[in-house]
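# Working through the structure, step by step
Here is how the chains run, residue by residue.
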Amino acid sequence: MGMKKPEDVVLFKDNKRIDGRKPNEIRPIKIEAGVLYRADGSAYVEWGGNKILAAVYGPREALPKHIQDPRRAIVNARYNMAAFSVEDRKRPGPDRRSIEISKVISEALERVILTEQFPRAAIDVNIEVLDADAGTRCAGLTAAGVALADAGIPMRDIPVACAAGKVEGKVILDLCKEEDNYGEADMPVAIAPLTDEILLLQMDGHLTYDEFEKALDLAIKGCHIVSDMQKKALLKKYEEVLEVE
Ligand code: ADP
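This one's a predicted model, so the numbers in the text were calculated from it and none came from an experiment.

With that out of the way, let us pick up the layout of surface pockets. Space inside the largest pocket adds up to approximately 630 Å³. If you go around the largest pocket, you meet 25 residues; those closest to its centre are Arg97, Ala134, Lys177, Asp180 and Asn181. Among the secondary structure elements, those contributing two or more residues to the lining of the largest pocket are α1 (96-110), α2 (136-150), α3 (177-182) and β10 (185-192). For the lining of the largest pocket, a count of residues per class yields eleven nonpolar, four polar and ten charged. Volume-wise, the second largest pocket comes out at about 180 Å³. As for the second largest pocket, its lining consists of Ile31, Glu32, Ala33, Gly34, Lys232, Ala233, Lys236, Lys237 and Glu240. Elements with a contribution of two residues or more to the lining of the second largest pocket: β3 (29-33) and α4 (209-244). If you tally residues by element for the lining of the second largest pocket, the top one is α4, at five residues. Considering only residue class, the lining of the second largest pocket consists of three nonpolar, one polar and five charged.

Okay, the packing of aromatic side chains next. Considering all chains together, one arrives at one aromatic pair under this definition. Ring plane angle 45° and centroid distance 6.1 Å describe the contact between Tyr209 and Phe212, whose orientation is recorded as tilted. Here Tyr209 and its partner Phe212 are both found in helix α4, three residues apart, which amounts to about one turn of the helix.

Here we come to the side chain of Asn50. With respect to the helices and strands, the residue Asn50 is situated in strand β5 (residues 50-61). Of the residues examined, Asn50 reaches a relative accessible area of 0% and is grouped as buried. Discounting chain neighbours no more than four positions away, the residues touching Asn50 are Arg27, Val45, Asp131, Ala132, Asp133, Ala134, Gly135 and Thr136.

Okay, the nonpolar core next. Counting residues in each nonpolar core, the largest one holds 63 residues, and the members touching the most others are Trp47, Leu109, Ile113, Ile123, Val125, Leu141 and Leu148. Residue contributions to this core peak at nine residues, all from α4. By size, the runner-up hydrophobic cluster in this structure holds seven residues, among which are Val9, Leu11, Phe12 and Val167.

Next up on the list: the pattern of salt bridges. Scanning the model with the defined rule gives 20 salt bridges in all. In this structure, Glu46 and Lys30 form a salt bridge, with 3.8 Å as the shortest nitrogen-oxygen distance. You can see Glu46 sitting in strand β4 (residues 41-47) and its partner Lys30 sitting in strand β3, a full 16 residues away along the chain. Close ionic contact of Glu197 with Arg156 constitutes a salt bridge, the shortest N to O distance being 3.4 Å. Taken together, the residues Glu197 in strand β11 (residues 197-201) and Arg156 in the loop between α2 and β8 (160-167) connect sequence positions 41 residues apart. What makes Arg156 partly exposed here is its relative accessible area of 43%. The network of salt bridges with common partners includes Arg17, Asp19, Arg21, Arg27, Asp174 and Glu179.

The next thing to look at is the site of the ligand. Neighbouring residues of the ligand: Met81, Val86, Lys90, Arg97, Ala132, Asp133, Ala134, Gly135, Thr136, Arg137, Lys177 and Asp180. Within the side chain of Thr136, one N or O atom sits 2.5 Å away from an oxygen atom of the ligand. Relative to its free-state accessible area of 540 Å², the ligand is covered by the protein chains to the extent of 76%. When each cavity is represented as a set of grid points, the ligand is found to reside in the largest pocket. Put simply, the parts of the chain that give the shell around the ligand at least two residues each are α2 and α3. Residues of the shell around the ligand, tallied by class, amount to four nonpolar, two polar and six charged.

Bringing the environment of Ile220 into the picture now. Counting through the fold element by element, Ile220 comes out in helix α4. With residues near it in sequence (within four places) discarded, Ile220 still touches Ile191 and Asp196.

Moving on, we come to unusual backbone geometry. A cis geometry characterises the amide bond from Gly58 onward to Pro59, with omega recorded as 0°. Residue placement: Pro59 occurs in strand β5. With an omega of -5°, the peptide bond running from Leu63 to Pro64 counts as cis. Its place among the elements puts Pro64 in the loop between β5 and β6 (74-81). Unusually for a residue other than glycine, Asp174 sits at a positive phi of about 55°. With respect to the helices and strands, the residue Asp174 is situated in the loop between β9 (170-173) and α3. Positive phi, normally seen in glycine, also occurs at Asp196, with a value near 65°. Position of Asp196 relative to the elements: it lies in the loop between β10 and β11.

Calculation notes
Residues numbered from 1 in each chain as written. Predicted model: local features only at pLDDT ≥ 70, side-chain atom pairs only at ≥ 80, totals over all residues. Heavy atoms only, no water. 1 Å grid on protein atoms, 1.4 Å probe; cavity = no way out; pocket = protein on both sides within 12 Å on 5 of 7 lines; lining within 4 Å. Points joined across faces, edges and corners; volume = space filled by probe spheres on them. Helix = DSSP H or I, 4+ residues; strand = E, 2+ residues; numbered from the N terminus. Nonpolar A, V, L, I, M, F, W, Y, C, P; charged D, E, K, R; others polar. Phe/Tyr/Trp six-rings, centres within 6.5 Å; stacked < 30°, edge-to-face > 60°. Buried < 20%, exposed > 50% of the residue type's maximum accessible area, 1.4 Å probe, protein only. Contact = heavy atoms within 4.5 Å. Core = buried A, V, L, I, M, F, W, Y, C linked by side-chain atoms within 4.5 Å. Salt bridge = Lys/Arg side-chain N within 4 Å of Asp/Glu carboxyl O. Near = heavy atom within 4 Å. Polar contact = N/O pair within 3.5 Å; in protein donor to acceptor, adjacent residues only side chain to side chain. Areas by Shrake-Rupley, 256 points an atom, 1.4 Å probe, with all protein chains shown as cover. Sits in = over half its atoms within 2 Å of the grid points.

This is the structure we're talking about:
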């Protein structure tokens, strides 16, 4: 966001975006549930150029004991970008950005998980970004939603996320890397799709109030498209299991 656009980069022309999409079109998405043997639940998501794995462990006793909450389970999402996931190698380990993303995703997931059912427990959600191409927090949260369902963690709903934003004065759905770099606003949104309750909403850049309403509406519509794919991925995994047995 806010990077100076090189002269030869055209973000919007003839109602088409730099990657050929229409303003309200989402990038191609592929979701697979249950890809890791040792995790209690897992998912793999490809979303545009993003490739992300999510692995869920728990509910299990939270350790060390002093972090336990006697009333509910604690939800620890840990977002990590592989060193090779971006163009210039990323320094391994947590940085300010990944700590922030881990925190907002943990808080979003906590709102749908029935944590009161598991006092003193921890539910760990590892989100590993293998390839990053803008929108990784949305893709990571979406992968986490599928992995939690795959782990059989009781939830009110399967959380899902999608961003909307603005480039060259136009409100658009699901920004790609160039749009993220040179655009005017990026607004990741996560919802519980059964009720459209907002679980996460962040904003990089600026929108007028009217643009904000339009972007929120678009992001929620995007979430519903992705939500259908999450459910299909889960059904596919469990259909296959039924066939084998
Ligand atoms: P999100 O991935 O949720 O959109 P940001 O807006 O912070 O989060 O990042 C946008 C994109 O910038 C990322 O998806 C990634 O492609 C790139 N990026 C983020 N951190 C780094 C980094 N340390 N080095 C290089 N590229 C990065």
